[in-house]
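# Overview (structure and organization)
This is what each chain is made of:
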Amino acid sequence: VLVDASIDQGLASFQIVLDETEVVVEVVEIYDEATNQQEGAIGYGDILFTEIMYNPAALSDTEGEWFELYNNSDELLNLQNLVFERDDVNRLVIADPIELAPGEYYVFARTQLSSDAPNTSIYGSAITLSNTGAVLSIYNEGPESDPGALIFSVNYGEAGFPDGTGASISLGPDKLSAAEAVLGSSWCVSTSLYNTGDSGTPGEVNDLCDQSESM
């Protein structure tokens, strides 16, 4: 609505005009130029995969598979609506408002039998972990069902990664950086036993790797 007022020889006149011109509105997404991350998103390397149980022996794969996350940032992170992918084949969106404190671990498991770690969520059959290797990734929330910006990805089938049968493969607790966590030489086979009888440290600090055995 436009209001036009004019004065002529001491007399004032007002005119009100309805302007039906369409106004173009542009929506702009704001990004941090330094990281190319959408504002509010979790940055690359702020969450790491630190342990993967893809070939349990005490349980079947459909009962005993699990993987572990680690908060590698200085912030309390909410995992709700983050997206897991395995080889662009399996996809899982985290529905629950899970809060992960700095330096803490969290387990995602196929069933309740997988581990007795209290910090665990059950994902069922949404993600399957190949025994011969796979690319496991976590992303920020994206538009509709698509994932957003990558947080971290690891290919545990690449050369140099250990072969875990009846034991998880775990990232050395002294290798907690995105640059080191993608290298097979930073991972080893777990040696500590957990409740199923297999080896692993679900939800806890990983076993220290003997670098001569992890190569």
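Each remark here, short or long, concerns the structure printed above.
Residues numbered from 1 in each chain as written. Predicted model: local features only at pLDDT ≥ 70, side-chain atom pairs only at ≥ 80, totals over all residues. Heavy atoms only, no water.

### Remarks on the state of the cysteines
Let me state the cut-off plainly: Whenever a pair of cysteine sulfur atoms sits within 2.5 Å, that pair is classed as a disulfide. Strands here are runs of E lasting at least two residues and helices are runs of H or I lasting at least four, both read from the DSSP assignment and numbered beginning at the N terminus. Throughout this description, buried means an accessible area under 20% of the type-specific maximum (1.4 Å probe, protein chains only), exposed means over 50%, and partly exposed covers the range between.
By the definition in use, this model includes 1 disulfide. With its sulfur 2.0 Å from that of its partner, Cys188 forms a disulfide with Cys209. Taking the torsion about the sulfur-sulfur bond, which here is approximately -80 degrees, the covalent link between Cys188 and Cys209 counts as left-handed. On the criterion of sequence distance, the pair formed by Cys188 in strand 16 (residues 187-189) and Cys209 in the loop between strand 16 and helix 3 (211-214) is long-range, its members being 21 residues apart. Taken as a pair, Cys188 and Cys209 share a single burial class, namely buried.

### Observations concerning the packing of aromatic side chains
Rule in force here: What counts as a ring pair is set by centres within 6.5 Å for rings of Phe, Tyr and Trp (its six-membered ring), and what kind of pair is set by the plane angle: stacked under 30 degrees, edge-to-face over 60, tilted for all other angles.
For the structure shown, the criterion picks out 13 aromatic pairs. With centroids separated by 5.0 Å and ring planes inclined at 80 degrees, the aromatic side chains of Phe67 and Phe84 adopt a geometry described as edge-to-face. Linking Phe67 in strand 6 (residues 66-71) with Phe84 in strand 8 (residues 83-86), this pair joins segments that are 17 residues apart in sequence. Comparing Phe67 with Phe84 shows no difference in burial state: the two are buried. Within the aromatic cluster, the residues linked to one another by ring pairs are Tyr44, Phe49, Phe67, Phe84, Tyr106, Phe108, Tyr123 and Phe152.

### Things to note about the sheet that holds strand 15 (residues 169-171)
To keep it simple, the criterion reads: At least two DSSP bridges between two strands are needed for those strands to be called paired. The axes used here are C-alpha line fits, helices contributing only the stretch in contact, and every angle between their N-to-C directions lies in the interval 0 to 180 degrees.
Within the open sheet, the 6 strands sit side by side as 12-11-6-5-15-16. Their pairing is mixed. Looking at the sheet topology across the chains shown, the edges are occupied by strand 12 (120-122) and strand 16. Taken pair by pair, the neighbouring strands of this sheet meet at an average axis angle of 25 degrees, ignoring direction. Where strand 5 (residues 47-53) lies against strand 6, 6 bridges are found, and the strand directions are antiparallel. Opposite Leu48, over in strand 6, you have Tyr70 as the bridge partner.

### Quick word on the sheet that holds strand 9 (residues 90-93)
Taken in spatial order, the 4 strands of this open sheet run 9-8-13-14, and their pairing is antiparallel. The open sheet is flanked by strand 9 and strand 14 (150-155), the only strands paired with a single partner. On average, each strand axis in the sheet is inclined to that of its neighbour by 10 degrees, with strand direction left out of account. Direction of pairing for strand 13 (residues 135-139) relative to strand 14: antiparallel, over a ladder of 5 bridges. Along strand 14, the bridge assignment pairs Tyr139 with Leu150.

### Examining the pairing of strand 6
Burial runs high along strand 6: 6 of the 6 residues are buried. Residues of strand 6 alternate between two faces, with Trp66, Glu68 and Tyr70 on one and Phe67, Leu69 and Asn71 on the opposite face, all of them buried.

### Brief notes about the pattern of salt bridges
What counts here: Throughout this description, the term salt bridge denotes a Lys or Arg side-chain nitrogen within 4 Å of a carboxyl oxygen of Asp or Glu.
Going through the model one piece at a time under the given rule, you end up with 4 salt bridges. Between Arg110 and Glu65 there is a salt bridge, with the nearest N and O atoms lying 3.3 Å from each other. One end of the pair, Arg110, is in the loop between strand 11 (105-109) and strand 12; the other, Glu65, is in the loop between helix 1 (61-64) and strand 6, with 45 residues separating them in the sequence. Glu65 carries the same exposure label as Arg110, and that label is buried. When the shortest N-O distance is used, the salt bridge between Glu85 and Arg91 registers 2.4 Å. According to the relative accessible area criterion, Glu85 is buried, its value standing at 4%. You can call Arg91 partly exposed: its relative accessible area is 39%.

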